[in-house]
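# Structural features, examined
Each chain, written out:
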Protein chains: 2
Amino acid sequence: MAASVSTREAILAAASALYAERGYDGVSMRDVAAAVAIQPASLYHHFKDKDALILAALEHALSAKAVIGRDILLKQEPLEQRLNAFVDWLVRLFFDDPAFARMTIRGALDGNDQRRAYLAKTVIEGVFAPLAQLISELSDALDPGLTAASIFSLVAGHFQLASTFVHLPRELRALAQADALSAHIKSLIGRSLDLAKPSEPAP
Amino acid sequence: MAASVSTREAILAAASALYAERGYDGVSMRDVAAAVAIQPASLYHHFKDKDALILAALEHALSAKAVIGRDILLKQEPLEQRLNAFVDWLVRLFFDDPAFARMTIRGALDGNDQRRAYLAKTVIEGVFAPLAQLISELSDALDPGLTAASIFSLVAGHFQLASTFVHLPRELRALAQADALSAHIKSLIGRSLDLAKPSEPAP
DNA sequence: GTCTATACGCGGATAGAC
DNA sequence: GTCTATCCGCGTATAGAC
């Protein structure tokens, strides 16, 4: 049984990476099997069908990260510091692990109902709700729920734009640096919430 | 030749809608042919292969919209009014035409290099650049390029989150209304740029 | 320009031996 | 729990008649 658990883990790790890279449809069961160096038929011992494997891979990739994000938001630190730390973490998460980022985005875009429901539940209950709560304590300038959604949108959106920007002249590609984006988003959100206002003129 | 042009148009319209709905891999040439009520083989008279059809469909869906957005940004009106009108238009564009929205997002996520390059070129040259220009004239509180990217990110991100929120309790689903989002984004951006500051407390 | 017919490989999935 | 062998449908794409 110990062996089977680790095979299962290996399958999930390989599948997550492949799905993130090429999409669910772009990765066959044969591809996953090859990455783990087992026969395709063996996958079906661990997962009922491809749909079940996809769901498990999504869960595998997501659940661990959600816990970390939640911890940052609930730490014993000043509110604003927690918010900034969360933004830093989220930007890093996406840019340092593009596979994870794409997997998350894909979950919302390509997911069937079951996958989207899982994604929503995990992310919302684990991270979205505490973030909105923190924002509501920080300021009443903007709606907390919408603002929390805006933070996710900004990080995910900039990440996606960065992929597109690769095909563009240098001056636009400079926009896609994680540090610069992190600073920009913190500044944007901080200013709109009437927190301390760092000025951020163009370099 | 007149007949062939209109068949071509019909193919592009059908293909755009299908691709937006189910993704490029999720839509077969047979599917497209069925939607236009012709035989699959006939598609290959109009488009060399599936890749060519996808690129043409993307172009078909995108080019017209980019012109409209550009016009709004270059209109003879006060800067802030133009910015707000643009945000309104972009939010409406995504929420009233989810097929188009998904197609655009997919272009960035699933596209091969050629598709991403086309997407980047059209959107950047047509809309992104004028938007950044407008922002730079409005305020120097934030970097114009990053802020322009933030506006796209916010609209696209909220749109994607809205799809996920469908599976959630009512109080969160309320966040996904186009009007509310439009107001929120305008407020968020306006406040962060130090424009007139409408307060937007939670309802 | 559209059709019928068809080639051919890849995909998911199962049966059953070891 | 992993293997070999295999089924079968669907996908892209082409040939060639009308």
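Residues numbered from 1 in each chain as written. Chains lettered and ligands numbered in written order. Predicted model: local features only at pLDDT ≥ 70, side-chain atom pairs only at ≥ 80, totals over all residues. Heavy atoms only, no water.

### Quick look at the relation of the copies chain B and chain A
The two copies are related by a screw operation: chain B maps onto chain A through 180 degrees of rotation and 0.0 Å of translation along the axis, at an RMSD of 0.1 Å. Such a combination of rotation and displacement between the chain copies is what one expects of a two-fold axis. For chain B, the residue whose C-alpha comes nearest the rotation axis is S192(B), separated from it by 2.2 Å. A shared binding surface is used by both copies, with 100% of the interface residues of chain B retained as interface residues in chain A. (Least-squares fit on C-alpha atoms with pLDDT ≥ 70 in both. Contact = heavy atoms within 4.5 Å.)

### Thoughts on helix α8 (residues 144–165) of chain A
All names here are of chain A. For α8, with 22 residues, the first-to-last C-alpha span of 31 Å sits near the 32 Å given by 1.5 Å per residue. Of all the 22 residues making up α8, 21 are buried; the element is thus mostly covered by neighbouring parts of the structure. Its side-chain oxygen at 3.2 Å from the backbone nitrogen of G145, D143 defines the N-terminal cap of α8. (Helix = DSSP H or I, 4+ residues; strand = E, 2+ residues; numbered from the N terminus. Expected span 1.5 Å × (residues − 1). Buried < 20%, exposed > 50% of the residue type's maximum accessible area, 1.4 Å probe, protein only. Polar contact = N/O pair within 3.5 Å; in protein donor to acceptor, adjacent residues only side chain to side chain.)

### Details of the interface of chain B and chain A
Between chain B and chain A, the residue contacts involve 54 residues of the former and 54 residues of the latter. Of all residues in chain B, L109(B), L146(B) and R191(B) give up the largest surface area on contact with chain A, accounting jointly for 15% of the area buried on that side. Remark: the boundary between chain B and chain A carries 2 salt bridges. Across the chain B-chain A interface, the total number found is 12 residue pairs in polar contact (both at pLDDT 80 or more). (Buried area = accessible area lost by both parts, 1.4 Å probe. Salt bridge = Lys/Arg side-chain N within 4 Å of Asp/Glu carboxyl O.)

### Brief notes about the packing of helix α6 (residues 98–110) of chain B against helix α7 (residues 113–138) of chain B
Residue and element names in this part refer to chain B. Here α6 crosses α7 at 130 degrees, and the two axes come no closer than 8 Å. One finds that α6 runs oblique with respect to α7. Helix-helix and strand crossings are classified by hand; for α6 and α7 the assignment is left-handed. Here α6 contributes T104, G107, A108, L109 and D110 to the contact with α7, which in turn contributes R115, R116 and L119. (Axes fitted to C-alpha atoms, helices over the stretch in contact; angles between N-to-C directions. Parallel < 35°, antiparallel > 145°, perpendicular 65-115°, else oblique. Left-handed = near helix turned anticlockwise from the far one by under 90°.)

### Observations regarding the side chain of Q160(B)
Checked against the element boundaries, Q160(B) lands in helix α8 (residues 144–165). The buried category is assigned to Q160(B), whose relative accessible area is 9%. Once residues lying within four places of it in the same chain are set aside, the contact partners of Q160(B) are I105(A), Q160(A) and I105(B).

### Describing the protein's contact with DNA strand D
Inspection of the region around DNA strand D gives 16 residues, with Q39(A), H46(A), M29(B), R30(B) and K50(B) positioned closest. Restricting the count to atoms of DNA strand D within 4 Å of the protein gives a sugar and phosphate share of 59%. A distance of 2.7 Å separates a phosphate oxygen of DNA strand D from a polar side-chain atom of H46(A). Within the side chain of K50(B), one N or O atom sits 2.9 Å away from a phosphate oxygen of DNA strand D. Among the secondary structure elements, those contributing two or more residues to the surface near DNA strand D are α1 (2–22) and α3 (40–46) of chain A together with α2 (29–36) and α3 (40–46) of chain B. If you tally residues by element for the surface near DNA strand D, the top one is α3(A), at 4 residues. Taken together, the residues of the surface near DNA strand D sort by class into 6 nonpolar, 7 polar and 3 charged. (Near = heavy atom within 4 Å. Nonpolar A, V, L, I, M, F, W, Y, C, P; charged D, E, K, R; others polar.)

### Points about unusual backbone geometry
All names here are of chain A. Non-glycine residue A37 carries a positive phi angle of around 60 degrees. Position of A37 among the secondary structure elements: in the loop between α2 (29–36) and α3. Judged by its relative accessible area of 66%, A37 is exposed.

### Structural notes on α2(B)
Residues and elements named next belong to chain B. By the burial criterion, the buried members of α2 are M29, V32, A33 and V36. Looking down the long axis of α2, one finds its buried residues gathered within 100 degrees of arc, a one-sided arrangement. Set apart from the buried face of α2 by more than 90 degrees, the exposed residues are R30 and A34. (Arc of directions from axis to C-beta.)

### Focus on the environment of N112(A)
Residue and element names in this part refer to chain A. Tracing the sequence through the fold places N112 in the loop between α6 (98–110) and α7 (113–138). N112 sits in the partly exposed class, given a relative accessible area of 24%. Only 3.0 Å separates the side chain of N112 from the side chain of D51, close enough to count as a polar contact.

### Structural notes on the pattern of salt bridges
Residue and element names in this part refer to chain B. Tallied over the entire structure, the rule returns 19 salt bridges over all chains. Salt-bridge contacts for K186 lead to D88; the nearest nitrogen and oxygen are separated by 3.0 Å. One end of the pair, K186, is in helix α10 (residues 178–192); the other, D88, is in helix α5 (residues 79–96), and 98 residues separate them in sequence. D88 gets classed as partly exposed once you look at its relative accessible area, which sits at 28%.

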